[in-house]
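A structural walkthrough
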Amino acid sequence: MSDATHAAPRPKRRTTSAYPSWFYLPAAIIYAVLFLFPTVASLFFSLTRWTLFDATFIGFDNFVQFFREPFLVKGLVNTLIYAVLTSGLKVVLGFLLGVLLTSRIIARGYLRSVLFFPVLVSTVGVGITFTVMMHPTTGVINETLGLFGIKGPGWLTDPNLALFSVALVDVWKGVGLATVIYIAGIVSIPQEYYEASLIDGASAWDNFWNITLPLAKPATVTVIILSLIGGLRSFDLIWAMTKGGPGFTSDVIASVIYKQYQAGFYGLSTAGNVVLFVMVAIIIIPLSGFLNRQGDGQ
């Protein structure tokens, strides 16, 4: 055997950061103050019955009460429905609009700007505007439907429609961001793939199904994760449009937490915050890992 066969393996070169350790200290302090400390404080106060001046440790009583209250469980279910519905619609519509706005159409740049404009508008302003537009008798939507002989529903007053009506407004406001992400993903696909498919005689549908759809998967993962996080944490649009009503039919976790805080149940509202945090982490972390593994497999 040659000497090279018995040669000891070379030790792996240790990679070192280009920056000194103290360089990370300001970011670590900001992270600790803005995230770690509030998180630990929330965990502690969720186990207490507290006011601004006093705190009494009661263990997990707040969490037990949280899951015993029917309207709190209703808010939890509504949160999941709202998040899945809004994120699903944003993925589908964002992808279709992204394909449209990367094709050769007239006024493509103008249409991109118009589509993205709702993202820049205040959420509360959008909520107030659509509350007026969705009024059951004087709203412009039902009045327009009345011109065609269609009796418009109570978009925000019907218990069966209120949550879905707000979800549609959320999609209208947020689909522009999803579309921009998809546009960036589609534009980054190398044109050589399309040129090769053209030589092979592939149709436009073949290009869409075999090239655009699979290679836009990183953009899809981003849109799914961002939309789900936004849907699970949604509060301002729902509060501006329905305040969780009629009754508790459009309440989500965040609006329930706010109502409990208004009523002076600070410990219960803090426990709700912890439940929301855990729910988001349980859903997003495994889903993100799964989707990224699928993307790597492509």
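Think of each chain on its own: its residues are numbered from 1, step by step along the sequence as written. With pLDDT at 70 or above as the cut-off, local features in this predicted model cover only qualifying residues; side-chain atom pairs require 80 or more to be listed or tallied, and sums for whole chains, interfaces and linings still use all residues. Only hydrogens and water are removed before side-chain values are computed, so all heavy atoms of the structure are retained for them.

Looking at the layout of surface pockets
Selection criterion: Only protein atoms enter the 1 Å grid, on which a cavity is a set of points fitting a 1.4 Å probe that cannot get out and a pocket is an open set with protein on both sides within 12 Å along at least 5 of 7 lines, lining residues being those with an atom within 4 Å of a point. Grid points are joined across faces, edges and corners, and a volume is the space filled by probe spheres set on the points. Numbering of helices and strands starts at the N terminus; helices are DSSP runs of H or I of at least 4 residues and strands are runs of E of at least 2. For this classification, Asp, Glu, Lys and Arg are treated as charged, while Ala, Val, Leu, Ile, Met, Phe, Trp, Tyr, Cys and Pro are nonpolar and the rest, including Gly, are polar.
Space inside the largest pocket adds up to approximately 570 Å³. The wall of the largest pocket is formed by 17 residues, among which T102, S103, I186, Q191 and Y194 lie closest to the centre. Going through the elements one at a time, helix 5 (108-120), helix 8 (162-187), helix 9 (191-199) and helix 10 (204-215) are the ones with two or more residues in the lining of the largest pocket. At 5 residues, helix 9 tops the list of elements feeding residues into the lining of the largest pocket. Across the lining of the largest pocket, the residue classes tally to 7 nonpolar, 6 polar and 4 charged.

Description of the domain arrangement of the chain
For clarity, the cut-off: Residue ranges for the domains originate in an automatic or database domain assignment. A contact between two residues is defined here by any heavy atoms of the two lying within 4.5 Å. Defined in terms of a 1.4 Å probe, buried area is the accessible area two parts forfeit on being brought together, summed over both. Any pair of nitrogen or oxygen atoms within 3.5 Å is treated as a polar contact; in protein, a donor-acceptor pairing is required on top of that, and neighbouring residues in sequence qualify only through side-chain atoms on both sides.
Per the domain assignment, the segments making up the chain are domain 1 (2-45) and domain 2 (64-297). Each of domain 1 and domain 2 has a C-alpha centre, and these two points are 35 Å apart. Between domain 1 and domain 2, the residue contacts involve 4 residues of the former and 4 residues of the latter. Taken as a group, S42, L43 and F45 account for 73% of the area that domain 1 buries against domain 2, more than any other trio of residues on that side. In this assembly, domain 1 and domain 2 are joined by 0 residue pairs in polar contact (both at pLDDT 80 or more). A per-class count over the side of domain 1 that touches domain 2 returns 3 nonpolar, 1 polar and no charged.

Focus on the environment of G247
Applicable threshold: Here the term buried applies to any residue with accessible area under 20% of the maximum for its type, exposed to any over 50%, and partly exposed to those in between, with areas from a 1.4 Å probe on protein chains only.
Positionally, G247 belongs in the loop between helix 12 (236-241) and helix 13 (253-262). Judged by its relative accessible area of 54%, G247 falls in the exposed class. Considering only alpha carbons, one finds G247 and P159, 88 residues apart in sequence, at a separation of 7.8 Å.

What about the pattern of salt bridges?
Heads up, the condition is: Salt bridge, as used here: a side-chain nitrogen of Lys or Arg that lies within 4 Å of a carboxyl oxygen of Asp or Glu.
Counted under the stated rule, the structure contains 2 salt bridges. D170 serves as the salt-bridge partner of K90, at 2.9 Å between the closest nitrogen and oxygen. Of the two residues, K90 sits in helix 4 (residues 70-100) while D170 sits in helix 8, which places them 80 residues apart along the sequence. When its relative accessible area of 11% is taken as the criterion, K90 is described as buried. Of the charged contacts, one joins K259 and D251 as a salt bridge, the two residues approaching to 2.9 Å between their closest N and O atoms. Given a relative accessible area of 0%, D251 falls into the buried group.

Here's the deal with the side chain of S255
By secondary structure assignment, the location of S255 is in helix 13. There is a polar contact of 2.6 Å between the side chain of S255 and the side chain of D251.

Quick word on the packing of aromatic side chains
As a reminder, the rule being used: Two rings from Phe, Tyr or Trp (for Trp, the six-membered ring) form a pair when their centres are within 6.5 Å of each other. A pair whose planes differ by under 30 degrees is stacked, one over 60 is edge-to-face, and the rest are tilted.
Considering all chains together, one arrives at 15 aromatic pairs under this definition. Each ring, one from F235 and one from Y258, has its centre 5.4 Å from the other, and the planes form 55°; the classification is tilted. Placement of F235 in the loop between helix 11 (217-232) and helix 12 and of Y258 in helix 13 is noted, with a sequence separation of 23 residues between them. Of the residues examined, Y258 reaches a relative accessible area of 33% and is grouped as partly exposed. Among the aromatic residues, those joined into a ring-pair cluster are F44, F45, W50, Y261 and Y266.

A word on a nonpolar patch on the surface
Our working definition: Surface patches are drawn from residues lacking salt bridges whose relative accessible area is over 30%; two like charges belong together within 9 Å, two nonpolar side chains (Val, Leu, Ile, Met, Phe, Trp, Tyr) within 5 Å. Per-residue and other accessible areas follow the Shrake-Rupley method at a 1.4 Å probe size, with only the shown protein chains counted as cover for residues.
Taken together, the side chains of Y31, F35, L36, F277, V278 and I282 make up a nonpolar region of the molecular surface, amounting to roughly 570 Å² of accessible area. Contributing elements (two or more residues each) for the nonpolar patch: helix 2 (25-45) and helix 14 (266-297). Considering the arrangement of structural elements, one finds L36 in helix 2.

As for the nonpolar core
We count it as follows: Note on terminology: a nonpolar core comprises buried Ala, Val, Leu, Ile, Met, Phe, Trp, Tyr and Cys residues joined through side-chain atoms within 4.5 Å.
Formed by 22 residues in total, the largest nonpolar core has its most connected members in F63, F66, I253 and L276. Looking at this core, the elements that each hand over two or more residues are helix 3 (61-68), helix 4, helix 11, helix 13 and helix 14. A per-element tally of this core places helix 14 first, with 9 residues. The contacts of F63, once residues within four sequence positions are left out, are S46, L47, A271, V274 and V275. Counting residues in each nonpolar core, the second largest holds 13 residues, with Y82, V126, L237 and I238 among its members.

Observations regarding helix 13
All buried positions along helix 13 are accounted for by I253, A254, S255, V256, I257 and Q260. Looking one or two residues beyond helix 13, the residue adopting positive phi is G264, at roughly 95°.

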